[in-house]
Amino acid sequence: MTVTKLVLGEELAECLDLKIPTAVDFVADVFEEITSELEKGNTVSLQGFGQFRLIDKDSRPGRNPKTNEPHVISKRRVCVLKNGVWLHDAATSFADSYRVDLSN
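Keep in mind that this is a model prediction, so the values were computed, not measured.

Within the protein, the secondary structure is distributed over three helices and five strands. When the helices and strands of the protein are placed in sequence order, the string is α-α-β-β-β-β-β-α. In terms of overall dimensions, the protein is more spread out than a globule: its C-alpha atoms have a radius of gyration of 19 Å, far above the 13 Å expected for 104 residues. C-alpha extents for the protein along the principal axes are approximately 55 × 50 × 25 Å. Counting every position in the protein, which comprises 104 residues, the buried fraction comes to 11%. When contacts within the protein are restricted to residue pairs at least 6 apart in sequence, long-range pairs at least 24 apart make up 31% of them. Of the roughly 8800 Å² of accessible surface on the protein, a fraction of 55% belongs to carbon and sulfur atoms. Positive and negative side-chain charges of the protein, numbering 13 and 16 respectively, have mean locations separated by a distance of 12 Å.

One open sheet accounts for three strands, arranged β1-β2-β5; its pairing is antiparallel. In the strand order of this sheet, the two ends are held by β1 (44-46) and β5 (76-83), each with one partner. Ignoring which end each strand starts from, the neighbouring axes of this sheet average 30° apart. Pairing of strand β2 (residues 50-57) with β5 involves eight bridges; the strand directions are antiparallel. When the sheet's bridge partners are listed, K57 is paired in β5 with R76.

Bringing the confidence of the model for the protein into the picture now. As a note on interpretation, predicted positions should not be read in detail where pLDDT is low. Across the protein, the average pLDDT comes to 93, with 99% of residues at or above 70. Mean pLDDT across the elements of the protein bottoms out in helix α3 (residues 85-97) (90) and peaks in strand β3 (residues 60-63) (96).

For the structure on display, the rule yields two aromatic pairs. Ring centres 4.9 Å apart and planes at 50° place the aromatic pair F94 and Y98 in the tilted group. For F94, a relative accessible area of 54% translates into the label exposed.

To continue, consider the layout of surface pockets. The calculated volume of the largest pocket comes to roughly 180 Å³. Lining the largest pocket are V3, L8, F49, W86 and L87. The class makeup of the residues in the lining of the largest pocket is five nonpolar, no polar and no charged.

About the criteria used
- Residues numbered from 1 in each chain as written.
- Predicted model: local features only at pLDDT ≥ 70, side-chain atom pairs only at ≥ 80, totals over all residues.
- Heavy atoms only, no water.
- Helix = DSSP H or I, 4+ residues; strand = E, 2+ residues; numbered from the N terminus.
- Rg over C-alpha atoms; globule rule 2.2 N^0.38 Å.
- Buried < 20%, exposed > 50% of the residue type's maximum accessible area, 1.4 Å probe, protein only.
- Contact = heavy atoms within 4.5 Å.
- Areas by Shrake-Rupley, 256 points an atom, 1.4 Å probe, with all protein chains shown as cover.
- Lys, Arg positive; Asp, Glu negative; His and termini not counted.
- Charge placed at Lys NZ, Arg CZ, Asp CG, Glu CD.
- Pairing = 2+ DSSP bridges.
- Axes fitted to C-alpha atoms, helices over the stretch in contact; angles between N-to-C directions.
- pLDDT = per-residue confidence, 0-100.
- Phe/Tyr/Trp six-rings, centres within 6.5 Å; stacked < 30°, edge-to-face > 60°.
- 1 Å grid on protein atoms, 1.4 Å probe; cavity = no way out; pocket = protein on both sides within 12 Å on 5 of 7 lines; lining within 4 Å.
- Points joined across faces, edges and corners; volume = space filled by probe spheres on them.
- Nonpolar A, V, L, I, M, F, W, Y, C, P; charged D, E, K, R; others polar.

Listed below in structure tokens is the structure:
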């Protein structure tokens, strides 16, 4: 399932008894605020969920996977999320529920 702003807004509207457009606007505003703070060079922490930050990556050698042709991957800035405790635990329990035992 892909989680979109609309899906988050619908869930929020249901939990808080809001109209869907109001809840979707709220979700959009939260993401806009996160984006704005990252553009200023700040780190954004959401307690339990994680920490968003920007990192600069140097250029590096790579290859085209279709042709195996060498290619230089350019220098760039990326947003990374360091998982918080709550998100880590939720992801781990989800993964454990789908674990397959291959030792047989």
